[in-house]
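# Breakdown of the fold
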Amino acid sequence: MDIKGKRDLLKAEGFSIFYGENEAVRKIDIEIPEGLVTSIIGPSGCGKSTFLRAVNRMNDLIPGCRAAGNLKLDGQDLYTQGLDVVLLRKEVGMVFQKPNPFPKSVFDNIAFGPRIHGIRDRSKLAEIVEKSLLQAALWDEVKDRLGDNALGLSGGQQQRLCIARAIAVKPKILLMDEPASALDPRSTARIEDLIAEFKGDYTILIVTHNMQQAARVSDLTAFFYEGDLIEFGETSQIFTKPKEKQTEDYITGRFG
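Just so we're clear, the structure is a prediction, and the values are computed from it rather than from any experiment. Here the residue numbers are simple positions, counted from 1 along each chain's written sequence. Only residues with pLDDT of 70 or above have their local features reported here, since the model is predicted, and side-chain atom pairs are shown and tallied only from 80 upward, although totals for entire chains, interfaces and linings are computed over all residues. For side-chain calculations, the full set of non-hydrogen atoms in the structure is used, while hydrogens and water are omitted.

### Description of the state of the cysteines
A pair of cysteine sulfur atoms is labelled a disulfide when the two atoms are within 2.5 Å. According to the stated counting rule, one finds zero disulfides in the structure shown. Free of any disulfide, Cys 65 has its nearest cysteine sulfur in Cys 46, 16 Å distant. Here Cys 65 falls in the buried class, since its relative accessible area comes to 18%. Each residue gets one of three labels from its accessible area relative to the maximum for its type: buried under 20%, exposed over 50%, partly exposed in between, using a 1.4 Å probe on protein chains only.

### Looking at the layout of surface pockets
Where empty space is left in the structure can be found by rolling a water-sized probe over the atoms. A volume near 490 Å³ is recorded for the largest pocket. Along the wall of the largest pocket there are 19 residues; nearest its centre are Arg 89, Val 92, Phe 102, Phe 112 and Arg 165. Strands here mean DSSP runs of E at least two residues long; helices mean DSSP runs of H or I at least four residues long; both are numbered from the N terminus. Contributing elements (two or more residues each) for the lining of the largest pocket: α2 (85-91), β6 (92-95), α3 (106-116) and α6 (155-167). A class-by-class count of the residues in the lining of the largest pocket yields 11 nonpolar, five polar and three charged. In this analysis the probe radius is 1.4 Å and the grid spacing 1 Å, with only protein atoms considered; a cavity is a set of points the probe fits into but cannot get out of, a pocket is an open set with protein on both sides within 12 Å along at least five of seven lines, and lining residues have an atom within 4 Å of a point. Grid points are joined across faces, edges and corners, and a volume is the space filled by probe spheres set on the points. Quantified by volume, the second largest pocket comes out at close to 290 Å³. Among the elements that line the lining of the second largest pocket, the one with the most residues is helix α4 (residues 122-135), at six residues. Polar here means any residue outside two lists: the nonpolar Ala, Val, Leu, Ile, Met, Phe, Trp, Tyr, Cys and Pro, and the charged Asp, Glu, Lys and Arg; Gly therefore counts as polar. Tallied by class, the residues present in the lining of the second largest pocket amount to eight nonpolar, three polar and five charged.

Given below as structure tokens:
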């Protein structure tokens, strides 16, 4: 894979996250290129999800949590004073571990973000809803159920709905926190297929415990351990010729 010429979209420089006095993510330096899929792997509690949630300021909701250093999206410092977090979350889509559709209709779930950002025209909203559901490979299954409560969908359908909801506002980057861990193998395969289809159109950052999944879906892989970024590189290199012994030990199952 040739990543030369790819523009860096997300850049961390000496970036740390603290919970009180505990430094959960320690002075991370990483550059995430545009239009590729980057996986973050590592054992539980290593800082993967904490780093991911820093990109859309989700950690702000945790009392005593603070950030230090620099984290920039498209050159914009994400922790500068006065940053509009609502606008930031338009640029940064998020898909969580468990599907979390709103208790609204399928249509209103997808239209929620565009409405927040000022789109009121019903025909324009309908166009966005259809396009987003088509991209999420869900349109054919729900096109006759747009007025039904989204909570009536299956788990796999709900997660694809959440992906459609995230892309409806055309984010610059899509964050996925263990997006298939609560799903059956068939639904997991569909999510992985979507990730492959989105590559190029979206920059995707995915946290996964499943190393086979990371190897299948990602161009680049970052290995975190106890808050540190141990190694970052092309996925094929990380999985076949890791440079760090800790990476090799984790990938070969010696710990984790």
